[in-house]
Each structure stands twice: as structure tokens, then as C-alpha cells.
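# Descriptive analysis of the structure
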Amino acid sequence: MSAYAADPSFDARTPASPAPDPDPALAAERAHLDASRAALRRMREDTEALDLTDVGGNEVSNKLVHSLIQDRIAALADLADTPLFFGRIDGRFADAPEVATGTAPVEVAADPSRPLERFWIGRRHVHDNHGDPMVVDWRAPVSRSFYRATRIDPLGVELRRRFGWTGGTLTAFEDEHLTDAAEHDAKSVILAAEIERPRVGPMRDIVATIQPEQDEIVRADLGETVCVQGAPGTGKTAVGLHRVAWLLYAHRERLHRSGTLVVGPNRSFLDYIQQVLPALGEVEVGQTTVEDLVARVPVKAADSPEAGRLKGDARMAEVLRRAVWSGVVDAPAESLLVVRGSRRWRVPSYDVEEVVAGLRSRDVRYGAARDMLHQRLAHAVLVQMERAGESPDDRVQDSVARSRPVRDLVNAVWPAVDPAKLVMRLLSDAEFLAACADGVLTADEQALILWTKPARGVGSAKWTAADAVLVDEAADLVARTPSLGHVVVDEAQDLSAMQCRAVGRRCSTGSATVLGDIAQGTTPWAATDWPTTLRHLGRTDARLAELTRGFRVPREILDFASRLLPHIAPGLAPASSVREAPGSLAVHTVDPQAVDKAAADEASDLLKLEGSVGLIAADAQIPALAAALRDAGLRHRILGDDDPEAEAARLSLVPASLAKGLEFDHIAVAEPTAIVEAEPQGLRRLYVVLTRAVSTLAVVHSRPLPPELE
Ligand SMILES: Nc1ncnc2c1ncn2[C@@H]1O[C@H](COP(=O)(O)OP(=O)(O)OP(=O)(O)O)[C@@H](O)[C@H]1O
């Protein structure tokens, strides 16, 4: 590998002014950058100059065109601090230059007979006046070679160049001549600098440095569901978000129609990741928690771990299925009598029974079958009319279907079901529950989920989060939940079977990216293996992938946290780390009365370093720590609190229960044993907490550390 740095102290951390006399190759790259910027400006001006006065549509379509153009103008902005390109490949490719502009997920093949071509890779496509690419979108087919080419399999690439940026200025590059047998792999300083760059603010994209094993998941095609098991910091979240961006590029129209969604564990996590997709130009992707996904009833109470576990058990699906269908009368005693003018038409009860049985045997939702029942009964009346020599048309059938006698009979034999009322009845009425749960739940289990105080109404009921999932399941039994084109579900190891079903039905005709780590499962119902979770998600077709290279946590800290692994996930091997940071771990034993103050002092010391700081502790300890931080005069925000004033504070006080998925440059953890004791899966919670650090981890404790950590 050869490298050039105009700024000899090249380091992505310190913005510096450009060196006065760069080497000619760097000068040429800067010239290409200037030309690309100018081209981007032209693209934007051309779009702004579009004459939309006569697009010829109606008001609605005109508005839509205007808003699309505005989006496009915004997307063409040249952001001063975002490098327009980060890499270049010179190579010989089949189908070039189509592979640089096309969106279809085609495999790019090497073609030695082609002339050498050069592509700069960036966040967005830029072309010159003739339409020739000056910068190629990182998602274009040819960009795959940038991420995946190796010396063994160069994929047509002869030169791979990575660029180093200092602030907004191009200051360095590194070359790999992949077909040069004499050259050996060397560690990339630019890659290392990007990975080491301090984390300030929300999560950022990783387009410049996606690794081959990550790229394979990012570019998995739309039809494929991928399940990624990955240790802390291996890039699962990053990969999931980049996969959505890639899918939107490759299948924009289809996904524009069907929609995409990212499901994360809590609001703090969603706040943390919310900038990644917009930074990649994708603003249409929905982001939600599972709780918000199924928010059909207001959650006002919490379940005991046992009740929560049972309500999340897949057996509840069968109980609910029986409950929804329990109202159907299979052998109606009544016949149908419809009076029209002077004529009376009777459908005997045995014919009604046959219609009901026919609908029951079909694989349709309860509500759809109920709608059909109106029509089938009306049809039975029409058959009689025809037999009597009349010739009724469709309008007559519709009018009979809507007539009072038909509606009354349908209400009697196939009553309407309100999902929330049904679940309320199930959880309040012991007899009804017993009838629906017979042979599925034991008597003790039924007693466990019955509400001690029956609710008076849906609005006032003390719904729990698990109840809301039951209501969602019931709603789907009544009317099919529309499916999106693609769903990314993060921290999937924490989902109950019933939550998995709720997520799964939202991508039943689409695909999913399922991300998680069995060792980080902290809910009472956390998954112990992926095949089971995938079965509940309805995605047994998923490809399982594993990420084992960590990009966040330095070796020393990871080794410390991994001492817990044999106790929390015996089957999992510890992750490796791409980062060495000797001295990154410190453990301080302090006086029991002084823990809060010592933790605040530690936070104060960490604030002297560059980057974000997190102080993490058991949820119950947060108020005392907040007081200690105030006493020390340290501005901070408390995660989970909506305090816009504190939003920009560099120090975050983090309840352990909200730490999942987040990261901070420097972390102080107060009293690990209290974190372990706070919940049944406390050891796993501690593992999550200890693996949030990018550069420094300071543990402050007065009580003995958990023995598993010693
Ligand atoms: N290829 C990469 N280049 C640069 N940074 C990367 C790369 N992959 C991951 N990272 C960074 O590593 C950190 C961890 O990534 P991410 O949060 O996606 O990991 P995770 O597997 O979801 O972790 P956890 O399970 O602990 O939540 C992030 O800062 C991310 O930007």
C-alpha cells in the first residue's frame, strides 16, 4: 500500500488548514473535487430552473411534483463538512459505465478486455454536462467492488484509493494496487482514523468504511430476510440502516409504494439513530418502537415478569384465535326471512348453517368472512327469486345484503368483534378465558393473566404493554394487517413470541433484517436462539449471518466485559476488536458513602477528554447521581427525560435500562452490582452497559464487583 498525506499529522480528529504544496496526485484529486462540486451546483441549478407552470396534471399531482422537486433540490445540496467522495477505484469492468449509474442489483464482473475506467465513490451521484458520472453513489453496482475487492478476488479493481479528510478538506489518500503481487496488505490509517473519530451527537453513517462482511448484508437483495447475530459494536445497527438505504436505491418505486420501517427498542435509541438515514438522503423510512407499533390501546400499567412472559408466549395466539371465533354460531336455529314488496323469501336454517360452515373453512380473516356472509345470504335469497321466475340484478343482491333481516341474522350468528373489547373480556372473564384457553393454558396460568380488578371500559382499563400486543394480534385476526415492503428490527433478541408475530405480520409479504445479540437479551422472555425467533416472525426462510469484528469497544474493555459471557450466553464466542487502546479500562474502589460523588468526579475528569461522556447506573440510583452532578456543577441530560435545555449537554446520565444500542466515547459505570441486582437478567444488563464505551471505561464501585466479573 502507498499513501500520501498533505497534512503529515493527518488525523481525522483535528481540523487543519490544507497544506500549501500538495503532491501532484493530491492536487489532481482536489481538482476533481472542485469540478464535481461545480457539477453538483449545476445539477441543483438545473433542477431549480425547471419550469413547472405547465406540468399538465391536476392540483394534487402538481403539488406532488412540486414537493418531489423540492426534495430533489434539498438532496442536491453540497454540504461543506460532508466529503463529496471518500474513495476511488480504477478497474476494468463488464458493462461499465452502466454499472455506475444503474440501480438494479446486478453483480459487477471483471472484464480484462475493457479499457481502464475510474470511478469516485461518494454519498450521492454527481454527473457532468454530458451525463457522465463524476461521483458514483455508494449503492451503485460498481461501488460493490470498492467495498469487497481483495487481492485474492480483485473483482476487476486494479487500484483502490481511500481519501482522508481534515475538516472539509481533502488532505490524504492511501492506495492499494490489488493486482500488484509484490504489494502486501497494510493497515489503513484512514480507516483506523474513521473508526477512532470521537462520537459526538447522534449516530453517523459508515458509508466510507463499510467492511466486506458488512457489505454482504447491506446488499442482500429485497427478497431475502437476513438475521444478524453480532456481538456489541460489530455494526449491526449501522448495517441494518445502510441496508434500508441500499434497498431504497435498488428498489425505490416498489418500496415507495409498500413502505419501509425500522423498529428499535426505545425512544432514546431511535433519537440516537434518527440522523443516519436522512444523512444518506433517505427521509421516508418510518422509525418506531414495538410499543408504538401496536399502540391500539393506551398502556397504563406494567405486568409482573411472570405475567408478561406468559402474555408474550406464542400459545396466546391460539387462545386469541379461539376467542375471536368463539362468537360464531355453527348451527343457527333461525332461518332468514326477507320481505320485498308483496313477496316473502325464506332461507331455511340448514342452508344458513351450510353458508356459515363454508365460510369458516376458508382461510380468510374473521371480519372479511363476516362481510362475505352478508353477500352469501343475499345470494341465497336471490337464488330463490330466480327459481320463482324473477330476474334480480346485482343491485337487488346489494340491497338484500344491507337489509335489516340479513344484518340481524349476521349479528346473531357472526357477531362483530372489537379487538380491544375482546381482549378485555378475555382478561376479565374467568369463564370465557377458561373456555378459550382449555388445553392451552393451565388453570394456574389462566389465573396469572386474569386482571384482579375487571375494567369498566376499554378507555379506563389498565392495559399493559403485553396486553397491547394481544389486542394487535386480535385485530389481525379480524382484519389483515397491511404488510410493508421491508422491516428492520433491531435488538430482536428482546422480543417476545407475540411481539415477533406483531412485527412479522407487518412484513408478511415483504422481507426483514433481524438484528440482535443473544448475550444482550434482557427481557424476561428474551430469545435463546435465532431459529425460534425467526419462526415467530414467520421468517423461517431467513439467512443467518454472524458479525464478530467489533468497531466500538477497545480490546481491553471487551475482554473485561466478556468475562460475563460464559454465564450469560455460554454458546457465544467473545468478539474480536479492531481497536487497541491500552489504559482504556480503570476500576476504582471507593467508600460506600462516596459512590455518587466519586462517580460525578469521574464524569468530570472524563469531560476533560474529547467526545461524549455517559454516566451509567442502575435506574434507582439515577436521582442520587443527578444530585451529585448538580452539586459538582456539571451540566448533563438525563436520558429518557424530555429536557430540550439539556439536549446538547456532552454528559449524559443514563439509566442502565436505556443504555442498549447506545455508545459514548467515555463511560463511567457506577456500582455494577446494583445494576446486576436490579433485574432477573441483571448480568446481561451489565454486559450491555460495559460494552457502550468507545475509548474509556471507568468503573466506580464500593460494593464487591459481581463475582462473574472478577
Ligand atoms: N465499518 C465500519 N466503519 C466505521 N465504523 C463502524 C463500522 N461498523 C461499525 N462502526 C461503528 O461502530 C459502532 C458500533 O456500531 P453499531 O452500533 O451499529 O453496533 P451494534 O452491533 O449494533 O452494537 P450493539 O449490539 O452494542 O448495539 C458505531 O459507532 C458504528 O458507527
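For every chain, the first residue of the written sequence is number 1, and numbering continues from 1 onward in sequence order. pLDDT decides what is reported in this predicted model: residues at 70 or higher carry local features, side-chain atom pairs at 80 or more are listed and counted, and totals for whole chains, interfaces and linings draw on all residues regardless.

As annotated in an unreviewed UniProt entry, the protein chain carries the name AAA family ATPase and comes from Streptodolium elevatio.

## Looking at the site of the ligand
Contact assignment follows one rule, namely that a residue is near a molecule or strand if its backbone-placed C-beta atom lies within 6 Å of it. The environment of the ligand is made up of 23 residues, and the closest members are Pro232, Gly235, Lys236, Thr237 and Phe551. Only DSSP runs of H or I with at least four residues qualify as helices, and only runs of E with at least two residues qualify as strands; both kinds are numbered from the N terminus onward. Contributing elements (two or more residues each) for the shell around the ligand: α5 (189-196) and α7 (236-250). A per-element tally of the shell around the ligand places α7 first, with 3 residues. Residue composition of the shell around the ligand, grouped by class: 6 nonpolar, 11 polar and 6 charged. Counting contributing residues per domain, the shell around the ligand is built from domain 2 (214-297 + 481-550) and domain 4 (555-709), each supplying no fewer than three. Classification convention: Asp, Glu, Lys, Arg as charged; Ala, Val, Leu, Ile, Met, Phe, Trp, Tyr, Cys, Pro as nonpolar; all other residues, Gly among them, as polar. These domain limits were set by an automatic method or by a database of domain assignments.

## Concerning the pairing of strand β5 (residues 133-137)
Both faces of the sheet carry side chains from a regular strand, because those side chains alternate between them. Counting other C-beta atoms within 10 Å of its own, a residue is labelled buried from 20 upward, exposed at 12 or fewer, and partly exposed in the gap between, with every C-beta atom placed from the backbone. Where burial is concerned, most of β5 is hidden: 5 out of the 5 residues are buried. Being paired, for any two strands, means DSSP has found at least two bridges between them. One ladder, built from 2 bridges, connects strand β3 (residues 117-122) with β5; its direction is parallel. When the bridges of β5 are listed, Gly122 appears paired with Asp137. Sheet topology note: the strand β4 (residues 126-127)/β5 ladder contains 2 bridges and is antiparallel. Residue Val126 lies in a different strand from β5, and its bridge partner there is Val135. Joining the antiparallel neighbours β4 and β5 is a turn of 5 residues, in which Gly131 adopts a positive phi near 85°.

## Things to note about the domain arrangement of the protein chain
Once the domains are mapped, the protein chain shows domain 1 (2-197), domain 2 (214-297 + 481-550), domain 3 (336-413) and domain 4 (555-709). Throughout, a residue-residue contact means that the two C-beta atoms, derived from backbone geometry, are no farther apart than 7 Å. Each partner contributes to the interface: domain 1 provides 11 residues, whereas domain 2 provides 9 residues. Ranked by residues supplied to the side of domain 1 that touches domain 2, first place goes to helix α4 (residues 143-148) with 3 residues. Class assignment of the residues belonging to the side of domain 1 that touches domain 2 gives a composition of 4 nonpolar, 1 polar and 6 charged.

## Observations concerning the sheet that holds strand β22 (residues 637-638)
As summarised here, the arrangement of the 6 strands in space is β20-β25-β24-β21-β23-β22, forming an open sheet in which the pairing is parallel. Both outer strands of the open sheet, β20 (585-589) and β22, are each paired with one neighbouring strand and no more. With 2 bridges connecting them, β22 and strand β23 (residues 651-655) associate as parallel partners. Looking across to β23, one finds that Arg637 is bridged to Ser652.

## Focus on the confidence of the model for the protein chain
Here pLDDT means the predictor's own confidence in every residue, given as a number from 0 to 100. The predicted model of the protein chain has a mean per-residue pLDDT of 90, with 93% of residues at 70 or higher. Contacts for the low-pLDDT stretch residues 8-19, under 50 throughout, to residues beyond four places or in other chains number 23 contacts. Two numbers describe this predicted complex: its pTM, 0.90, and its ipTM, 0.99.

## Quick word on the pairing of strand β6 (residues 157-166)
Summarising burial for β6: 8 of the 10 residues are buried, a large majority. Of the pairings in the sheet, the one linking strand β2 (residues 87-91) to β6 comprises 5 bridges and is antiparallel in character. Bridged to Asp90 within β6 is Leu159. Sheet analysis places β6 next to strand β7 (residues 169-177), joined by 8 bridges and oriented antiparallel. Directly across from Arg160, in β7, lies its bridge partner Glu176. Between β6 and β7, which follow one another and run antiparallel, lie 2 residues, and Gly167 among them has a positive phi close to 65°.

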